Amino acid sequence: MKKAVLTIAIAVMGFTAAFAQDTTKKARKQMPKMTAEQRAEKATARLEKELSLTADQKTKIYAVELENAKKVETWRSADQGDMKGKMKERKEAMQAQKAKIDGILTAEQKTKMEAMRSEAREKGDRMRKGMGKGKRDKAPVVSNPPSQG
């Protein structure tokens, strides 16, 4: 009888410890595979929503975005050697794309676009700082600290 009670008590403690693990972390979603046309359409739709583009502006920006999406697709499929040279090339391509889009927009839309770009830069900076490269300034969070008493 004592052995049965002891076995049940050990089993209950084991199950309690197993289910006490914190499962609140979300699994990272896999990004859907999109074609260059889908990426260009998505980017154009976002700009149309944010900047209130005209039909003519929308078609021109779609062409610029499609050209850029195709370049990115070829870069992704190319081999990964000489990254520094490629980064310089990509940066130049981004600057050219930015100039093309700015040439299509009105003055008011350009100011909105600059605000969007600066907000995106700030968000990127915050994300990079949050990564921390393995350094942790904060103490780990304990979900169920032991009660004192």
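Here's what I pulled together on the structure shown here. The shown structure was predicted, so the numbers you read here are calculated from the model rather than taken from an experiment.

## A short note on the pattern of salt bridges
In a structure, side chains of opposite charge can pair up when their charged atoms sit close to one another. One pass over the full model with this rule turns up nine salt bridges. Between K71 and E67 there is a salt bridge, and its shortest N-O distance comes to 3.7 Å. Remark: E67 and K71 occur in helix α3 (residues 55-77); sequence separation between them is four residues, near one turn of the helix. Given the relative accessible area of 34%, E67 is considered partly exposed. Across the salt bridge formed by R117 and D102, the nearest N and O atoms sit 3.2 Å from each other. One end of the pair, R117, is in helix α5 (residues 107-131); the other, D102, is in helix α4 (residues 83-104), with 15 residues separating them in the sequence. Across the pair, D102 and R117 agree in class, each one buried. Salt bridges sharing partners connect three or more residues here, namely K98, D102, E114 and R117.

## Re unusual backbone geometry
A positive phi angle is found at S52, which is not glycine, with a value near 55°. With respect to the helices and strands, the residue S52 is situated in the loop between α2 (36-51) and α3.

## A short note on α3
Between its first and last C-alpha, α3 extends 33 Å over 23 residues, near the 33 Å set by a 1.5 Å rise per residue. If you check which residues of α3 are buried, you get Q57, I61, V64, E65, L66, N68, A69 and W75.

## Examining the nonpolar core
In this structure, L47, L51, L53, I61, V64, I101, I104, L105, M113 and M116 together form the largest nonpolar core, which totals 10 residues. Counting only elements with at least two residues in this core, the list comes to α2, α3, α4 and α5.

## Observations concerning the side chain of R117
The class for R117 is buried, based on a relative accessible area of 15%. A polar side-chain atom of R117 sits 3.2 Å from a polar atom in the side chain of D102. Discounting chain neighbours no more than four positions away, the residues touching R117 are K98, I101 and D102.

## Focus: the packing of α2 against α3
Relative orientation of the contacting elements α2 and α3 amounts to 140°, with a least axis distance of 8 Å. With respect to α3, the axis of α2 lies oblique. For the element pair α2 and α3, the recorded crossing hand is right-handed. On α3, the residues touching A36, E37, R39, A40, E41, A43, T44, L47 and E48 of α2 are K58, I61, Y62, E65, L66, A69, K70, E73 and R76.

Rules and cut-offs
Residues numbered from 1 in each chain as written. Predicted model: local features only at pLDDT ≥ 70, side-chain atom pairs only at ≥ 80, totals over all residues. Heavy atoms only, no water. Salt bridge = Lys/Arg side-chain N within 4 Å of Asp/Glu carboxyl O. Helix = DSSP H or I, 4+ residues; strand = E, 2+ residues; numbered from the N terminus. Buried < 20%, exposed > 50% of the residue type's maximum accessible area, 1.4 Å probe, protein only. Expected span 1.5 Å × (residues − 1). Core = buried A, V, L, I, M, F, W, Y, C linked by side-chain atoms within 4.5 Å. Polar contact = N/O pair within 3.5 Å; in protein donor to acceptor, adjacent residues only side chain to side chain. Contact = heavy atoms within 4.5 Å. Axes fitted to C-alpha atoms, helices over the stretch in contact; angles between N-to-C directions. Parallel < 35°, antiparallel > 145°, perpendicular 65-115°, else oblique. Left-handed = near helix turned anticlockwise from the far one by under 90°.

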